[in-house]
Amino acid sequence: MVCKIAPKQRCVKKLVAEMNKKTACRPAARQKEIRGFVTEANFNHDPYLQEFGIKVDPRMCELTGRVLPHPQLQYGGKAFTVVSPKEGTWTMRGHKFLAGIPVHNWALLCFASADERGGQ
């Protein structure tokens, strides 16, 4: 596990950036890592997989892909602004939502145990 956020601990941007830095790697490095895992796992000699007739091709498959255009957000305020993401994120600084709407119904779910909630 690279990062574990404790209960009730807020997640700050610096922590997320550090986690991304630790887990991100170049495609060639990721490919090498996956190939090493597949070789080490030796799936085709696993008796359980053999029992079910499962075979694993150790070669990576090649796919044709495409880069989709990013969505644009339209903000309101005194002048309408269409904003494109920078480095994968949109910034709200200096912008207002185009049209706010009232929220009539909402819910809050808490998946913490009674111990984590202080016995509540």
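Heads up: the structure comes first, above all this text.
Structure report, in brief. (Residues numbered from 1 in each chain as written. Predicted model: local features only at pLDDT ≥ 70, side-chain atom pairs only at ≥ 80, totals over all residues. Heavy atoms only, no water.)

### Description of the overall build of the chain
Counting its regular elements, the chain contains three helices and three strands. From first element to last, N terminus to C terminus, the chain shows the α and β order α-α-α-β-β-β. For the chain, the proportion of its 120 residues judged to be buried stands at 4%. Contacts in the chain between residues at least 24 apart in sequence constitute 12% of all its contacts with a sequence separation of at least 6. As displayed, the chain offers around 12,000 Å² of accessible surface, 58% of which is attributable to carbon and sulfur atoms. (Helix = DSSP H or I, 4+ residues; strand = E, 2+ residues; numbered from the N terminus. Buried < 20%, exposed > 50% of the residue type's maximum accessible area, 1.4 Å probe, protein only. Contact = heavy atoms within 4.5 Å. Areas by Shrake-Rupley, 256 points an atom, 1.4 Å probe, with all protein chains shown as cover.)

### Observations regarding helix H2 (residues 27-41)
Since the α-helix turns once every 3.6 residues, residues separated by three or four places project in the same direction. The terminal C-alpha atoms of H2, which comprises 15 residues, lie 21 Å apart, in line with the 21 Å expected from a rise of 1.5 Å per residue. The first or second residue beyond H2 is Asn 42, which carries a positive phi of 50 degrees. (Expected span 1.5 Å × (residues − 1).)

### Section: the sheet that holds strand E3 (residues 96-97)
Pairing between the strands of a sheet comes from backbone hydrogen bonds, and it takes one of two forms, parallel or antiparallel. One open sheet holds the three strands; their spatial order is E2-E1-E3, and the pairing between them is antiparallel. Two strands close off the open sheet at either side, each with one partner strand: strand E2 (81-83) and E3. Bridge count for strand E1 (residues 73-76) against E2 is three bridges, and the pairing is antiparallel. Looking at E2, one finds that Gln 74 is bridged to Val 82. (Pairing = 2+ DSSP bridges.)

### A word on a nonpolar patch on the surface
A cluster of nonpolar side chains, Val 103, Trp 106 and Leu 108, forms an exposed patch at the surface whose accessible area comes to about 440 Å². By the element assignment, Leu 108 lies in the segment after E3. The exposed category is assigned to Leu 108, whose relative accessible area is 73%. (Patch = residues over 30% accessible without salt bridge, like charges linked within 9 Å, V, L, I, M, F, W, Y side chains within 5 Å. Salt bridge = Lys/Arg side-chain N within 4 Å of Asp/Glu carboxyl O.)

### Section: the pattern of salt bridges
Under the defined criterion, the tally for this structure stands at one salt bridge. Ionic pairing is found between Arg 59 and Asp 57, a salt bridge with its closest N-O pair at 2.7 Å. Judged by its relative accessible area of 45%, Asp 57 falls in the partly exposed class.

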